[in-house]
Amino acid sequence: MSILGYIFMIFGAAFLALGGFGVFRMPDVFNRIQAGTKATTLGAFSLILGVGLANPDWLIKAILIIVFIAITNPVGSSVLARAAYKKNVKQYVKEDGKAGE
Amino acid sequence: MKQAVSIVLVLLLGAFIFTALYFADSSPLQFKPYGDADLSGRVSQGYVDKNVTADAASEEPAAVVYGETKNAETGSANIVTSVVVNYRSFDTLGEVTVLFVAALGVGLLLSGKRRRQEAAFQPSFILKHGVRIVLGIMVIFGVYLFTHGHLTPGGGFSGGSIIAAAVLLLYVSDNAFKAKVKAFKIAEGVAGSLYVVAGLLGLALGGYFLYNFLPTGVVGDLLSAGIVPIVYILIGLKVGSEISGVIAGFATEEEAL
């Protein structure tokens, strides 16, 4: 059980690191938000679930925290992205003229 | 009404100080004459000689057991809280005052007839419904933080800030929302005055300002640690209403004349 928890923790930490990398690597606000949100939501999920599995006393609390993150994190990111879009933040355009991937 | 309340408060405080200064010997209350209170004995020496054993006869200090030890000096399971709201409660009163002065400054700068600031665009469906789900949880969590301040990490300041964040979410998610700023001000004033009243009661019953005069109970119980949870609830209400008032001040703008 605890080994499974550690695997989850490493998985989550890797995703958090990828999310942080994505925030640096991506060209504009929208890409950065999607990198930050998706990667860190999954990363935080597995990190906290890993802590819950490694220490079964905290499992229920960990699941509650995951539920709370599942509600708040996407809402916050969608609000940020919407505000940026409504304020006409410049979108990244590739050199060949097509809109960003 | 306001003036009557303030006059009564000032008269009560004056009577309190007068009795404290001149009738210390004959009064049934535990006032010490001016200059006689041994504060370093109460805090520093008491801390150095710290002895949590129930019977003072045995020299060996007994171990504190969570959920069993009775009548410890502060009775608070959270050591930080026992310092912040018991030994250094006067300092916390000062911190609350600093926050009050900051809120007062915001109120003065942003005074006048106010209406809601015009938003650039309507809040989205996702935000509205997300806030509706999260709001109750946030308020409950804030109240939990300050009612359990003497048991778990957290306390009045963090709990109050979370409640104020809930108010901020209400402002963000609804363009027409207007908080009842007057209720915030009343809650703030009442909680702040009750903190001072608790301190004066400690002065009357124990001889020191903000003395923990209630029985401390079993370490780890919700109803333990004497006045610590009461004071933290008051601080939580005060901080929550103060920061909510500041948020309300910033979210509104002056009525065009």
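The structure this text deals with has already been given above.
Colleague: Can you help me understand helix α3 (residues 59–86) of chain A in this one?
Modeller: Residues that lie three or four places apart on an α-helix share one face, since the helix turns once every 3.6 residues. Taking 1.5 Å of rise per residue, the 28 residues of α3(A) would be expected to cover 40 Å, and the 40 Å separating its terminal C-alpha atoms lies within 8% of that figure. Those residues of α3(A) hidden inside the fold are in contact with α2 (29–54) of chain A together with α5 (125–147) of chain B. Positive backbone phi, at 55°, marks A:Asn88, one or two positions downstream of α3(A).

Colleague: Could you clarify how one ought to interpret the side chain of B:His150 in this entry?
Modeller: Residue and element names in this part refer to chain B. Positionally, His-150 belongs in the loop between α5 and α6 (156–173). Assessed through its relative accessible area of 0%, His-150 is described here as buried. Ignoring anything within four residues of it in the chain, the contact list for His-150 reads Ser-76, Ala-77, Asn-78, Thr-81, Asp-221, Leu-222, Ser-224, Ala-225, Val-228 and Pro-229.

Colleague: Where do I start with the nonpolar core in this structure?
Modeller: A general tendency of soluble globular proteins is for nonpolar side chains to be buried together. All names here are of chain B. In this structure, Val-85, Leu-93, Val-96, Tyr-195, Leu-210, Ala-225, Ile-227, Val-228, Val-231, Tyr-232, Ile-235 and Val-239 together form the largest nonpolar core, which totals 12 residues. Here Ile-227 is in contact with Leu-210, Tyr-211, Asn-212, Phe-213 and Leu-214, once residues within four sequence places are set aside. Counting residues in hydrophobic clusters, the runner-up holds 8 residues, among them Val-167, Ala-179, Ile-247 and Ala-251.

Colleague: What is the right way to look at the interface of chain A and chain B in this model?
Modeller: Frequently, the measure chosen for interface size is the accessible area removed from exposure when the parts meet. Each partner contributes to the interface: chain A provides 10 residues, whereas chain B provides 12 residues. Taken over both partners, the interface formed by chain A and chain B buries close to 840 Å², and the fraction arising from carbon and sulfur atoms is 84%. In this assembly, chain A and chain B are joined by 0 salt bridges. Where chain A meets chain B, there are 0 residue pairs in polar contact (both at pLDDT 80 or more). In terms of residue class, the side of chain A that touches chain B is built from 5 nonpolar, 2 polar and 3 charged.

Colleague: Even after reading the chapter, I still don't get the packing of helix α4 (residues 89–109) of chain B against helix α7 (residues 181–206) of chain B, so can you show me in this structure?
Modeller: In a pair of packed helices, the angle between the axes and the distance between the axes together describe the arrangement. Residue and element names in this part refer to chain B. Packing of α4 against α7 leaves a shortest axis separation of 11 Å and a crossing angle of 160°. Between α4 and α7, the angle is such that the two are roughly antiparallel. Every pair of crossing elements has a handedness; the one defined by α4 and α7 is left-handed. Along its contact with α4, which presents Ser-89, Thr-92, Leu-93, Val-96 and Phe-100, the element α7 presents Glu-188, Tyr-195 and Val-196. The class makeup of the residues in the contact of α4 with α7 is 5 nonpolar, 2 polar and 1 charged.

Colleague: Mind showing me how you'd approach the pattern of salt bridges here?
Modeller: Pairs may arise between side chains of opposite charge once their charged atoms sit close together. Residue and element names in this part refer to chain B. Within this structure, the stated rule accounts for 1 salt bridge over all chains. Residues Glu-242 and Lys-238 are paired through a salt bridge, measuring 3.1 Å at the closest nitrogen-oxygen approach. Residue Glu-242 and its partner Lys-238 are both found in helix α8 (residues 228–251); the two are separated by 4 residues, about one turn of the helix.

Definitions and limits used
Residues numbered from 1 in each chain as written. Chains lettered and ligands numbered in written order. Predicted model: local features only at pLDDT ≥ 70, side-chain atom pairs only at ≥ 80, totals over all residues. Heavy atoms only, no water. Helix = DSSP H or I, 4+ residues; strand = E, 2+ residues; numbered from the N terminus. Expected span 1.5 Å × (residues − 1). Contact = heavy atoms within 4.5 Å. Buried < 20%, exposed > 50% of the residue type's maximum accessible area, 1.4 Å probe, protein only. Core = buried A, V, L, I, M, F, W, Y, C linked by side-chain atoms within 4.5 Å. Buried area = accessible area lost by both parts, 1.4 Å probe. Salt bridge = Lys/Arg side-chain N within 4 Å of Asp/Glu carboxyl O. Polar contact = N/O pair within 3.5 Å; in protein donor to acceptor, adjacent residues only side chain to side chain. Nonpolar A, V, L, I, M, F, W, Y, C, P; charged D, E, K, R; others polar. Axes fitted to C-alpha atoms, helices over the stretch in contact; angles between N-to-C directions. Parallel < 35°, antiparallel > 145°, perpendicular 65-115°, else oblique. Left-handed = near helix turned anticlockwise from the far one by under 90°.

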